There are 2 protein chains.
Amino acid sequence: MDATRRQFTGLTRPTALRLLAGVPLGRIVFTQRALPAVQPVSHVVDDDDIVIRSPHGAALVSVEQSGVVVAYEADAIDPDTRLGWTVTITGTARPVWDPADIARYRGIVPSWLADGNDQFIRITPYMVSGYRLERIGGKGFTVV
Amino acid sequence: MDATRRQFTGLTRPTALRLLAGVPLGRIVFTQRALPAVQPVSHVVDDDDIVIRSPHGAALVSVEQSGVVVAYEADAIDPDTRLGWTVTITGTARPVWDPADIARYRGIVPSWLADGNDQFIRITPYMVSGYRLERIGGKGFTVV
């Protein structure tokens, strides 16, 4: 147990989206058979929306065109120092149907399998939050 | 976009819990103000329960003694090869109140801040799932 003093430093929305765009994967949080569910997936940030690629069509089949509320989380936290950042998006998820969009996303969102049958889902965020875990003395303010 | 062929290989419950026990952090998935929420936290596996330590008392304050259903996810996925594993627990979360348990967990579950006011929460799993992402040719069976 080390004695490093840490603090949480809140992230602005632009910084949070920039950090999210800099990593290739995160975790989508949704409801499945009335239970909380979570699944790691690949993502890109596209014009402030998050587009994920999932081979788990069955699990996410309840994502309808009208949209469902999901959370999406990505982080980069050093397991030893426990310093880093986490970003969480809350937003509306809808399947991507436009063939031109699908073709474009196939080129930029890595698949986790080798086939081309993945589903693309666009998450339009209405809440973006996140924080850095920093050593005390770093810039920023303590939010917790 | 690489051409590595991958497969998902299902994990047994003992293997999933062993992998979970080998990493220091994961993400708890819960409901907050009727919205899906997710938060990275430290954990240990203790006698097949997962015990997490959270400085986010406010966010998890709805965890009552009677228990609430949560999901808990940890993974180790290489961002370049996208090979690795993920484990998800679904279970009942209850706050840890026993002073002896709290004292013991203070010693083994790292805090993310420097103070001692974190809350400990025990998750008793009733569903343990997970898979490895492997190159095709690795051992195991394709589950998706």
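How each quantity is defined
- Residues numbered from 1 in each chain as written.
- Chains lettered and ligands numbered in written order.
- Predicted model: local features only at pLDDT ≥ 70, side-chain atom pairs only at ≥ 80, totals over all residues.
- Heavy atoms only, no water.
- Phe/Tyr/Trp six-rings, centres within 6.5 Å; stacked < 30°, edge-to-face > 60°.
- Helix = DSSP H or I, 4+ residues; strand = E, 2+ residues; numbered from the N terminus.
- Buried < 20%, exposed > 50% of the residue type's maximum accessible area, 1.4 Å probe, protein only.
- Pairing = 2+ DSSP bridges.
- Arc of directions from axis to C-beta.
- Contact = heavy atoms within 4.5 Å.
- Polar contact = N/O pair within 3.5 Å; in protein donor to acceptor, adjacent residues only side chain to side chain.

A. Quick peek at the packing of aromatic side chains. Across all of its chains, the model carries four aromatic pairs over all chains by this definition. Ring geometry for Tyr105(A) versus Phe120(A): centroids 6.0 Å apart, planes at 35°, classification tilted. Taken together, the positions of Tyr105(A) in helix α2 (residues 99-108) and Phe120(A) in strand β7 (residues 119-135) put the pair 15 residues apart, joining distant regions of the chain. Like Phe120(A), Tyr105(A) is buried. For the ring pair Phe8(B) and Tyr131(B), a centre distance of 4.4 Å and an interplane angle of 90° mean the geometry is edge-to-face. Placement of Phe8(B) in strand β1 (residues 6-10) and of Tyr131(B) in strand β7 (residues 119-135) is noted, with a sequence separation of 123 residues between them. For the pair formed by Phe8(B) and Tyr131(B), the shared burial category is buried.

B. How the structure looks around the pairing of β1(B). Residues and elements named next belong to chain B. Along β1, four of the five residues are buried, which leaves the element largely enclosed by surrounding structure. The sheet contact formed by β1 and β7 spans five bridges and is antiparallel. Note on β7: the bridge partner recorded for Thr-9 is Arg-132.

C. Focus on helix α1 (residues 13-21) of chain B. Residue and element names in this part refer to chain B. Of all the positions in α1, only Ala-16, Leu-17, Leu-19 and Leu-20 are classed as buried. Looking straight down α1, one finds that the buried residues subtend no more than 160° of arc, so they occupy a single side. Opposite the packed face of α1, turned more than 90 degrees from it, sit the exposed residues Pro-14 and Arg-18. Against β3 (35-46), β4 (49-54), β5 (68-77), β6 (84-95) and β7 lie the buried residues of α1.

D. Spotlight on the side chain of Arg53(B). All names here are of chain B. Along the polypeptide, Arg-53 turns up in strand β4. Among the polar contacts made by the side chain of Arg-53, one reaches the main-chain carbonyl oxygen of Val-109 at a distance of 2.8 Å. At 2.7 Å, the side chain of Arg-53 and the side chain of Asp-118 are in polar contact.

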